[in-house]
Structure formats: structure tokens, C-alpha cells
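# Observations on the three-dimensional arrangement
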Amino acid sequence: MASDPQSILGQIQLNDYISMTSATVVSHDYILTFSNEVEYVWNRPWTLVSVMYIVLRYLGLLVAMVESFSTAMSLFIIWGGAIFSIVIHLVFVLRVYAMYNRSRIVLGILLLIYIPTQIIELVLVGIINNPKTYMSITDVEVVNMESCTNSYNGGTELIISLRVFSTVINGVLCSFAVVQCIRYSLEMHKVLGKWQLNRYMKLLVQESILYFVMVLLLNIIILIQTLATLSGTVQVVLGTLSSFPPYVVGPHLILSVREFHSRILGEHIDSGFGLHSQRFSTSRGIMFATPEEREGHGEAVEEVAEIGIE
């Protein structure tokens with residue numbers, strides 16, 4: 001029993017390190033992106049995407065800050081995180097919908113996956129974190145220090161199921177995004193007749209593929225943490241890697257897509273989320289071609305446009 005207080009203290013310190021890292025990174029990111037937020041959110045007409053941005057940015061910031069200073073507000077952190085998850089997944093659904101030129105079939109498939117999984121996740125969160133079922137909050141005294149901690153008595157299968165559902169929906173969204181990006185790449189190659197790495201890297205950024213991949217990897221890391229027994233060092237590394245990205249990725253995705261479609265393409269600010277038509281959506285494959293290359297492949301450009309319309 002002598003080792004129990006030391007173990008508890010070590011776990012508290014580990015959680016503090018991870019939480020403080022998350023709060024620091026999210027706060028720093030907020031400061032760096034505030035000017036873009038003013039330009040592409042506060043100075044623009046309010047839409048559904050604007051509301052989702054506010055939820056992702058400020059709820060995420062609040063959860064990260066509270067998590068680093070107060071375990072006693074664990075229920076707020078848990079349910080705030082659940083709401084955050086619902087909104088960020090909806091943002092990704094709308095982004096994929098826009099990538100497929102507002103295809104109702106694609107939107108229907110995504111919603112058929114999104115709605116049930118989010119409902120199931122909410123139910124699982126409610127069951128797992130109910131003090132009457134699996135979660136318990138207790139006061140412990142370690143080395144003349146009193147601390148409030150929460151723990152779970154059972155419910156491992158439900159926690160694993162929660163992680164699996166989250167990983168599945170992110171895997172589906174990432175797959176849709178990657179497939180469409182590959183299609184655009186092939187169209188670009190057909191138009192230009194050659195492979196140019198810099199243009200395909202631009203396409204990856206334009207289509208937000210890196211955001212989809214990052215969130216999927218994050219969910220895989222969290223699932224590994226749930227399934228495997230890890231050493232203290234590995235827990236610190238994986239815990240840090242998985243603590244702050246969600247609160248950064250969501251706001252960054254909205255700002256980058258809004259900037260690209262409004263400033264560079266001259267479209268409606270939310271056309272990148274399928275809420276308005278995309279003027280250039282039919283010619284993404286030749287978007288990064290030079291003027292000379294576009295003139296030299298006029299017929300191919302028209303063909304790509306016809307493919308996009310279909």
C-alpha cells in the first residue's frame with residue numbers, strides 16, 4: 001500500500017503536464033489566428049459555419065483551460081468535449097459534401113453514418129460518465145495535499161466502443177476526402193500531361209486532406225491508449241499528442257477554407273462547406289496550372305469541367 005500514494009501522485013502530475021501543454025498550445029494558437037478570425041468570422045455575415053467556428057474555438061479553448069486547472073469540473077469537460085466532437089464532425093461532413101460538388105447522394109451517405117454514430121456516442125458518454133454507473137469522483141490526500149480525482153469502475157467495453165465509433169466515422173470521412181483528392185490529381189495529370197509534386201502538395205492543402213488525416217491519426221492514438229497498457233513515458237508522449245490537436249484543427253480548417261474560397265477564388269465565404277455554389281469546383285484539376293499550360297490544354301480543361309459538372 002505504500003506505493004499507492006506515490007502512484008496517485010505520479011498520475012496527477014502526468015495529467016497536469018498534459019493539461020498544461022494542451023492549454024498553452026491552444027491559447028498560443030488562438031493568439032496567432034485571432035487576426036484571421038476577425039477577418040473571416042467577425043467581419044463577415046453570420047452563417048451556420050460562423051456559429052460552428054465559435055463553438056469549436058471558444059468551447060475548445062474553455063475546455064482546454066478548465067481541464068488544466070480543475071478536475072472538479074470534469075462533467076463540464078466531458079460534456080463540453082462531447083458537444084465539440086459533434087460540431088467538428090459536422091464541419092468535416094460539410095467539407096466532404098463541398099468537395100463532391102454538393103452531391104446529395106454523398107451527403108445522404110455521410111448523414112446516415114454521422115447521425116447514428118453521434119447519437120450512440122452521446123448515449124455512451126452519458127452511461128460511462130454517470131456517477132450512478134461507472135464514474136466516481138473522490139477526494140484523495142497525497143503527501144499532505146488534497147486532490148479531487150475521477151475514476152472508472154468497469155465500463156471498459158463501453159469506453160472501447162466509444163473510441164471505435166469515433167475512429168470509424170473519421171476513417172469514413174478521411175476516405176471520402178482522399179478518394180476525391182486522388183480524382184482531382186488524376187484530372188490534373190490528364191490536363192498537364194505530367195506529374196508535378198508542388199502542385200499536388202498545393203492540392204492536398206486546398207482540399208484540407210491533412211486535417212482529415214490528422215484527426216484520423218489522433219483517434220487511432222486515443223484508441224491505442226485505451227486498448228494498450230503503456231509505460232509512463234509513452235503515456236506522456238501519446239497523451240500530449242492527443243490532447244490539443246482537436247481544439248486547433250477545427251478552427252484552423254474553417255479559417256483556411258474560408259480564406260481560400262473568398263480571397264483566392266472570389267467565391268462565397270462558405271462555398272467550401274457546400275452552403276453555396278462553387279464557381280471553380282468544376283476545374284480544380286487545373287487550378288494550379290500556369291496560364292500557358294491552361295491555354296495549351298483548352299479542350300482538356302473543358303473536359304475536366306464537364307467531369308466536375310457530372
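Note: the structure precedes this text.
Structure report, in brief.

Rules of the game
The numbers attached to residues start from 1 for each chain and follow its sequence in the written order. Local features in this predicted model are restricted to residues whose pLDDT is 70 or higher, and side-chain atom pairs enter the listing and the counts only when it is 80 or higher, whereas totals over whole chains, interfaces and linings include all residues. Only hydrogens and water are set aside when side-chain values are computed; all heavy atoms of the structure are taken into account. Helical segments are the DSSP runs of H or I of at least four residues, strand segments are the runs of E of at least two, and each set is numbered from the N terminus. With a 1.4 Å probe rolled over the protein chains alone, any residue whose accessible area is under 20% of its type maximum counts as buried; one over 50% counts as exposed, and the rest are partly exposed. Pairs of residues are marked as contacts when any of their non-hydrogen atoms sit within 4.5 Å. Here, Shrake-Rupley sampling with a 1.4 Å probe gives the accessible areas, and only protein chains in the shown set may cover a residue. Between Lys or Arg on one side and Asp or Glu on the other, a salt bridge is scored when a side-chain nitrogen of the former is within 4 Å of a carboxyl oxygen of the latter. Helices are assigned an expected span. That span is 1.5 Å times one less than the residue count.

## Topic: the overall build of the protein
Of regular secondary structure, the protein possesses eleven helices and two strands. Put simply, the protein runs from its N terminus to its C terminus through helices and strands in the order α-α-α-α-β-β-α-α-α-α-α-α-α. For the protein, with 310 residues in total, the buried portion stands at 46%. Considering only contacts within the protein whose residues lie at least 6 apart along the sequence, 70% involve residues at least 24 apart. Surface summary for the protein: the accessible area is close to 15600 Å², and the carbon and sulfur share equals 65%.

## Section: the pattern of salt bridges
In total, this model carries five salt bridges according to the counting rule given. In this structure, Glu207 engages Arg95 in a salt bridge whose closest nitrogen and oxygen atoms are separated by 3.6 Å. Of the two residues, Glu207 is situated in the loop between α6 (197-206) and α7 (209-227) and Arg95 in helix α3 (residues 74-99); the sequence distance between them amounts to 112 residues. Residue Arg95 is classed as buried on the basis of its relative accessible area of 0%. Arg183 is the salt-bridge partner of Glu187, the closest N and O atoms lying 3.3 Å from each other. Taken together, the residues Glu187 and Arg183, both in helix α5 (residues 156-192) and four residues apart, mark about one turn of the helix. Owing to a relative accessible area of 9%, Glu187 belongs among the buried residues under this scheme. Judged by its relative accessible area of 29%, Arg183 is partly exposed.

## A short note on α5
If you check α5, its first and last C-alpha atoms are 53 Å apart, about what 37 residues at 1.5 Å a residue would give, namely 54 Å. Just downstream of α5, Gly193 is the residue with a positive phi angle, here 75°.

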